[in-house]
Amino acid sequence: MDAGKREGTFKTNLRQKGCEREKKKDERGCLGEMKAAAKTKTPRKPGQKNGSSNNLKDPVGVYCRLRPLSVPDQECCVKVINTTTVQVHPPDGYRIFRNGEYKEVQYSFKEVFNVGGTQKHVFEVVAKPLVDDLIHGKNGLLFTYGVTGSGKTYTMTGSPGDGGLLPRCLDMIFNSIGSLQAKRYVFKLDDKNGVEVQCDVDALLERQKREAFQPPKTPSSNRRQIDPEIADMINVQNNCKVEEVDEDNVYSVFVSYIEIYNNYIYDLLDEGPYDPVKPKWSSCGTPVRSTDFILPQSKILREDQNHNMYVAGCTEVEVKSTEEAFEVFWRGQKKRRIANTQLNRESSRSHSVFLIKLAQAPLDASGDNVLQDRELITFSQLSLVDLAGSERTNRTKAEGNRLREAGNINQSLMTLRTCIEALRENQTYGTNKMVPYRDSKLTHLFKNYFDGEGKVRMIVCVNPKAEDYDESLQVLRFAELTQEVEVARPAEKPVCGLIPGRRFKNQAFREELSRQLEIRGGPIDGDRERSITEVLLQNFPPMPSCELLDINDDQTLPRLIEVLEKRHRIRQMLSEEFTKNVHSVKGMLQELDSSIISKENYAQVKMAERDKFIAVQKTEIERLEKKAKTLEYKIDILEKTTTIYEEEKRNLQQELENKSQKLQRQVSDKRRLEARLQGMVTETTMKWEKECERRVAAKQLEMQNKLWVKDEKLKQLKAIVTEPKGSKPERPSREKDREKPLQRSLSPPPVPNAPPVRIRHRRSRSAGERWVDHKPASNVQTETVMQPHVPHSITVASANEKALAKCDKYMLTHQELASDGEIETKLIKGDVYKTRGGGQAVQFTEIETLKQESPTGRKRRSSPSSRSPAEEGTESEWTDVETRCSVAVEMKAGSQLGPGYQHHAQPKRRKP
């Protein structure tokens, strides 16, 4: 029985040795095949990066986050409708009138985080999938966008006790690869955005060299205590990690931190100090101090062999823990440019970009060393971008450098908008418009992401206060349009051909071997395995001494015979047991063969059924492919038809708009023409009315003058008849008339019993309307016959809105001195109109001039008692009957003048 146990143990060990040898052969063969395939396979990143081979695209994920109001009772202009929609309404006192309607706008996003949303929830929704892609070898871009003071930096960095997206991403990365990280300097970055693997000896020498000459600036957390300023920000305690991490790879994390300031790229991890600016000397020889800082050397963008953009010469630090990585970030954050503005006490004046690069490479077949094949290295990165806030200088009151910074910030954000709109237009309408990535360093750096190098996510931060209404409206409109841009999915990383699980299998084998050696008390013969002959010889009795030194020795031979007999019996027993085992093994092999044959037959039957099913499925697939091609052809035709119809629709809409504009112009021209014609009709009517009034007045004056002449003739004839004969005066001679001309008079002598003349006011032509009679206080009342009088009028000393609202006509009395020294009165008339704003406007239509003249040719005698001798002579001449008769005879019938010589008459008088 002991021999059987030993033989069973021997067979078991033999089987294990054979399995191990076969395993090593398989691993060597797989490794050789893998290397051969790696040498013949295509590059990981193709030259043309228009997405993966399956042409699948994903839209840009845009999320909206609302910041809580700083004051509880502050007015709010943004309201959350549901988990995907926000509504923006103008604040109180702010009205938008477009076609007479009050405007409220709604915007939809992938998800909306209300003011109560936590940092953890935002991270799990937005950033966690990007970290998962980073571990699996895919790139990602996440940036925060919004107005200044909307919470972008808080979302990205967080606050003490409540870390943001950046520390949570770092924590998730190191929780996932903590035990799988490679030693320092195993992965070595080059200056061309590439990475290579060093052997353990080179990595050890590199570590010793760095420790001797350049000690690391940020040692891990187990060497020194964490800065209390950032300890609460990285204490996430969520233990979030990526599922299904490839345990047969080794990982290494590199971080870098840059900022884009005034369209220049600067390395925030550069060890060069920020010295103050050297003083500039003025013209008088005195230094001029400045509080600015010397800008460090700006970096340039370059393109690597895979057409990816990177910052040349940027500092990249290899980190091994969350604390170490965040400490590097915080060191660069202290150098980032911020300033105090009217809207934000710590306003970011630059765009910051924190790059997390993850290098991973597979282990060899033994699970101990990293494969130094560059084609098998996977290099992925996650870019976390905190954009500077857009701002209006009239609100921030920026001046000098702040004003220039704001201009550059707004220009770079405008370039980002232009690129997004160009991409959207190319994808929507099928155009090939050039995307202006190179117009800004921000868009030029991340052009690869929009060309299909990874997922793109945006968080739009909004401050719902009423003062940011205009800016928030523009930001939300741009963010909603960004969702229409689609980014191609990146290609999958190459699959390693080695056996999975080799790291922990080999580790478990070594642990089990160590345990067995400890149980056995250590290794035997230097861990040399015993051969089959040694094992068999140990089972036989030891041979006695065979030397015969004495002829009478009768013990050596019997002992030798006894041992040989025992050995013979043991050999027979082993042979019998071996034969029995052989027969049993043969029976087992026959049973196994029969079971294998039956299973093969069953498998063949099943395979035949499967082949039939596969053939049917292939036929169905071919039919469906043909149908799909037919449908694709129909879809193409429909798309082309739709494009044609859309083009016709746009043309018709454009034509309709042109015709509508032309019709509106014609209507407006018609209205203006009607207004002009109405004005011309009114003007012509007024002219004819004036002409009729003038003609009627002239006719009345003519008839009155005729009647006056007849009356004067009758009076003179009556005076001639009733005058006595004896008192006839002597008629003056012609010579006397020639020598002494008669004194001229403006009017005949007064009639004794003539009634007194009553002063009459001139009647206005617009007496039936309501007038505003504007008479300044400086006017002089002339009290003449021509004094205007407007009934039912409102007389004011200065024009006012109350008086104009009650009337529809306006008259301004203006006086000035004429050239002859007399007073000239002008009546400036106009129409009163109501304006759209609720006021009144006056349109002047005419100016009427009234001029007063003093008679200079002749004068009336005021009374018969005060007469001068010359006047008495003249009176005697007038009392001469013959003279008066001759005067009466000389008067022309129908004359417009009064009695007297016609050539001495004054200009035509108006109606008294």
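Residues numbered from 1 in each chain as written. Predicted model: local features only at pLDDT ≥ 70, side-chain atom pairs only at ≥ 80, totals over all residues. Heavy atoms only, no water.

Caption draft 1: Local environment of the overall build of the protein. A count of helices and strands for the protein gives 19 helices and 33 strands. Taken over 912 residues, the protein has a buried fraction of 34%. Pairs at least 24 apart in sequence give 71% of the contacts found in the protein among residues at least 6 apart. Total accessible area computed for the protein in this model is approximately 58700 Å², and 52% of it derives from carbon and sulfur atoms. (Helix = DSSP H or I, 4+ residues; strand = E, 2+ residues; numbered from the N terminus. Buried < 20%, exposed > 50% of the residue type's maximum accessible area, 1.4 Å probe, protein only. Contact = heavy atoms within 4.5 Å. Areas by Shrake-Rupley, 256 points an atom, 1.4 Å probe, with all protein chains shown as cover.)

Caption draft 2: Structural context of the state of the cysteines. Enumeration over the complete set of coordinates arrives at 0 disulfides. For the unlinked cysteine Cys64, the closest cysteine sulfur is that of Cys461, found at 8.2 Å. (Disulfide = S-S within 2.5 Å.)

Caption draft 3: How the structure looks around the nonpolar core. Counting residues in hydrophobic clusters, the biggest one holds 54 residues, and the most contacted among them are Val86, Phe109 and Leu476. Of all the elements, helix H9 (residues 401-429) adds the most residues to this core, at 7 residues. Setting aside residues no more than four positions away along its own chain, Phe109 makes contact with Val62, Cys64, Thr84, Val86, Leu476, Ala479, Glu480 and Gln483. Tyr63, Phe113, Val126 and Val317 belong to the second largest nonpolar core, which has 46 residues in total. (Core = buried A, V, L, I, M, F, W, Y, C linked by side-chain atoms within 4.5 Å.)

Caption draft 4: The arrangement of the pairing of strand S2 (residues 61-66) in detail. Counting buried positions over the 6 residues of S2 gives 6, a clear majority of the element. Here S2 shows no split at all, with Gly61, Tyr63 and Arg65 on one side and Val62, Cys64 and Leu66 on the other all buried. Relative to strand S25 (residues 454-462), S2 runs parallel, the two being bridged by 6 bridges. Its bridge partner lying in S25, Tyr63 is registered against Ile459. As defined by bridge partners, S2 adjoins strand S8 (residues 111-113) across 3 bridges and the pair is classed as parallel. Along S8, the bridge assignment pairs Arg65 with Phe113. (Pairing = 2+ DSSP bridges.)

Caption draft 5: Spatial organisation of the pattern of salt bridges. This structure, assessed with the given rule, holds 26 salt bridges. Where Asp386 meets Arg336, a salt bridge forms, and the shortest distance between an N and an O atom there is 3.0 Å. Here Asp386 is found in strand S24 (residues 378-386), whereas its partner Arg336 is found in the loop between helix H7 (322-333) and strand S21 (338-339), with 50 residues between them in sequence. Per residue, the accessibility class of Asp386 equals that of Arg336, and both read buried. The closest approach of N and O atoms between Asp773 and Lys775, which form a salt bridge, is 3.7 Å. For Lys775, a relative accessible area of 23% corresponds to the partly exposed category. Each of Glu691, Arg694 and Arg695 takes part in salt bridges that share partners, so that together they form one network. (Salt bridge = Lys/Arg side-chain N within 4 Å of Asp/Glu carboxyl O.)

Caption draft 6: Structural detail: the packing of aromatic side chains. Enumeration according to the criterion identifies 9 aromatic pairs in this entry. Ring plane angle 45° and centroid distance 5.3 Å describe the contact between Phe326 and Phe329, whose orientation is recorded as tilted. Of the two residues, Phe326 and Phe329 are both situated in helix H7; the distance of 3 residues between them amounts to about one turn of the helix. Each member of the pair, Phe326 as well as Phe329, is classed as buried. Aromatic rings pair up to connect Tyr257, Phe326, Phe329, Trp330 and Phe354 into one cluster. (Phe/Tyr/Trp six-rings, centres within 6.5 Å; stacked < 30°, edge-to-face > 60°.)

Caption draft 7: Structural detail: the packing of helix H2 (residues 119-135) against helix H4 (residues 165-177). At their nearest, the axes of H2 and H4 sit 9 Å apart, and the two run at 45° to each other. Accordingly, the angle class assigned to the pair H2 and H4 is oblique. For the element pair H2 and H4, the recorded crossing hand is right-handed. For the pair formed by H2 and H4, the contact residues are Gln119, Lys120, Val122, Phe123, Ala127, Lys128, Val131, Leu134 and Ile135 on the first element and Leu165, Arg168, Cys169, Met172, Ile173 and Ile177 on the second. Split into classes, the residues belonging to the contact of H2 with H4 amount to 11 nonpolar, 1 polar and 3 charged. (Axes fitted to C-alpha atoms, helices over the stretch in contact; angles between N-to-C directions. Parallel < 35°, antiparallel > 145°, perpendicular 65-115°, else oblique. Left-handed = near helix turned anticlockwise from the far one by under 90°. Nonpolar A, V, L, I, M, F, W, Y, C, P; charged D, E, K, R; others polar.)

Caption draft 8: Inspection of the side chain of Ser440 at higher detail. Mapped onto the secondary structure, Ser440 falls in the loop between H9 and helix H10 (441-445). With a relative accessible area of 4%, Ser440 lands in the buried category. Within the local environment of Ser440, its side chain forms a polar contact with the backbone nitrogen of Leu442, the two atoms lying 3.3 Å apart. Ignoring any residue separated from it by four or fewer positions in sequence, one finds Ser440 in contact with Asn263, Ser412 and Thr415. (Polar contact = N/O pair within 3.5 Å; in protein donor to acceptor, adjacent residues only side chain to side chain.)

Caption draft 9: Spotlight on the sheet that holds strand S32 (residues 823-834). Spatial ordering of the open sheet is given by S30-S28-S31-S32-S33, a layout of 5 strands whose pairing is mixed. Both outer strands of the open sheet, strand S30 (793-796) and strand S33 (840-851), are each paired with one neighbouring strand and no more. For this sheet, the mean inter-axis angle between neighbouring strands, taken without regard to orientation, is 20°.

Caption draft 10: Spotlight on the environment of Ser70. Structurally, the position occupied by Ser70 is in the loop between S2 and strand S3 (78-80). Here Ser70 falls in the exposed class, since its relative accessible area comes to 60%. A distance of 3.4 Å separates polar atoms of two side chains, one belonging to Ser70 and the other to Gln74.

Caption draft 11: Spatial organisation of the sheet that holds strand S4 (residues 85-88). Pairing is antiparallel in the open sheet, where 3 strands are placed in the order S3-S4-S7. The strands lining the two open edges of the sheet, one partner per strand, are S3 and strand S7 (105-108). Ignoring which end each strand starts from, the neighbouring axes of this sheet average 25° apart. Relative to S7, S4 runs antiparallel, the two being bridged by 4 bridges. Looking at S7, one finds that Thr85 is bridged to Ser108.

Caption draft 12: Focus on the pairing of strand S15 (residues 264-267). Examined bridge by bridge, strand S14 (residues 249-261) and S15 share 4 bridges and lie antiparallel to one another. The residue of S15 that forms the bridge with Ile260 is Ile265. Taking the residues between adjacent antiparallel strands as the criterion, S14 and S15 are bridged by 2 residues, where Asn262 takes a positive phi near 55°.

These results come straight from atomic positions and should not be treated as a statement about function.
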